[in-house]
Amino acid sequence: MFKKTWHTSYNGIDIKVDNAWGIFGGSKETIFINGERVYLYQGQVFSFKKLLTFKNPFNARAIFGTAHDFFVNDTKITIKLGNNAQGTGVACQIFINDEFYYGDDKVLFADS
């Protein structure tokens, strides 16, 4: 399983992101702002049960990246989660008021 944590602050706003991904272990994304959990996603990447019933066994939501917007006072915080540029691990980018602020250089498959 690939797992990584990003932790930064901006003008007194504390931002922490946990991103974990494993083909058989599932996907888990957690976002905390000022110590409060504001987002949680848990899902399986691959389902043997679906495979055995001839359904698509892959959960696209757990494979492809996503983007999430949060507002604290007059500050817009956008967090992109997904695969790293090599496709071999997890990645995160944090934008403040639509400007890159912290995290990885690239997040594959995250909503733009």
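Residues numbered from 1 in each chain as written. Predicted model: local features only at pLDDT ≥ 70, side-chain atom pairs only at ≥ 80, totals over all residues. Heavy atoms only, no water.

Engineer: An account of the overall build of the protein is needed here, citing residue identities and associated values.
Structural biologist: A tally of helices and strands in the protein yields two helices and eight strands. Written out in order from the N terminus, the α and β elements of the protein read β-β-β-β-α-α-β-β-β-β. Residue burial in the protein is summarised as follows: out of 112 residues, 44% are buried. Partitioning the contacts of the protein with sequence separation of at least 6, the portion at a separation of at least 24 is 34%. Accessible surface, the protein: about 6,700 Å² in total, of which carbon and sulfur atoms supply 52%. (Helix = DSSP H or I, 4+ residues; strand = E, 2+ residues; numbered from the N terminus. Buried < 20%, exposed > 50% of the residue type's maximum accessible area, 1.4 Å probe, protein only. Contact = heavy atoms within 4.5 Å. Areas by Shrake-Rupley, 256 points an atom, 1.4 Å probe, with all protein chains shown as cover.)

Engineer: For the side chain of asparagine 19, give the residues involved together with the corresponding values.
Structural biologist: Looking at the element boundaries, asparagine 19 is found in strand E2 (residues 13–22). At 3.3 Å, the side chain of asparagine 19 forms a polar contact with the backbone oxygen of alanine 91. Each residue touching asparagine 19, except ones within four places of it in the same chain, is listed here: Phe2, Lys3, Lys4, Trp6, Lys28, Glu29, Leu81, Gly82, Val90 and Ala91. (Polar contact = N/O pair within 3.5 Å; in protein donor to acceptor, adjacent residues only side chain to side chain.)

Engineer: Hey, could you go over the pattern of salt bridges for me, with residue numbers and the actual values?
Structural biologist: All told, the structure shown has two salt bridges when counted by the stated rule. The salt bridge partner of lysine 4 is aspartate 104, with a shortest N-O separation of 3.5 Å. One end of the pair, lysine 4, is in strand E1 (residues 2–10); the other, aspartate 104, is in the segment after strand E8 (99–103), and 100 residues separate them in sequence. On the basis of relative accessibility, which here comes to 36%, the residue lysine 4 falls in the partly exposed class. (Salt bridge = Lys/Arg side-chain N within 4 Å of Asp/Glu carboxyl O.)

Engineer: A description of the confidence of the model for the protein should follow, citing residues and the corresponding values.
Structural biologist: Mean pLDDT over the protein works out to 81, with 70% of the residues at or above the 70 mark. Mean pLDDT values for the elements of the protein range from 52 in helix H2 (residues 60–63) up to 97 in E8. (pLDDT = per-residue confidence, 0-100.)

Engineer: Account for unusual backbone geometry, with residues named and values stated.
Structural biologist: One non-glycine residue, asparagine 11, lies in the positive phi region at around 45 degrees. Looking at the element boundaries, asparagine 11 is found in the loop between E1 and E2. Phi angles above zero are rare outside glycine, and asparagine 73 is one such case at about 55 degrees.

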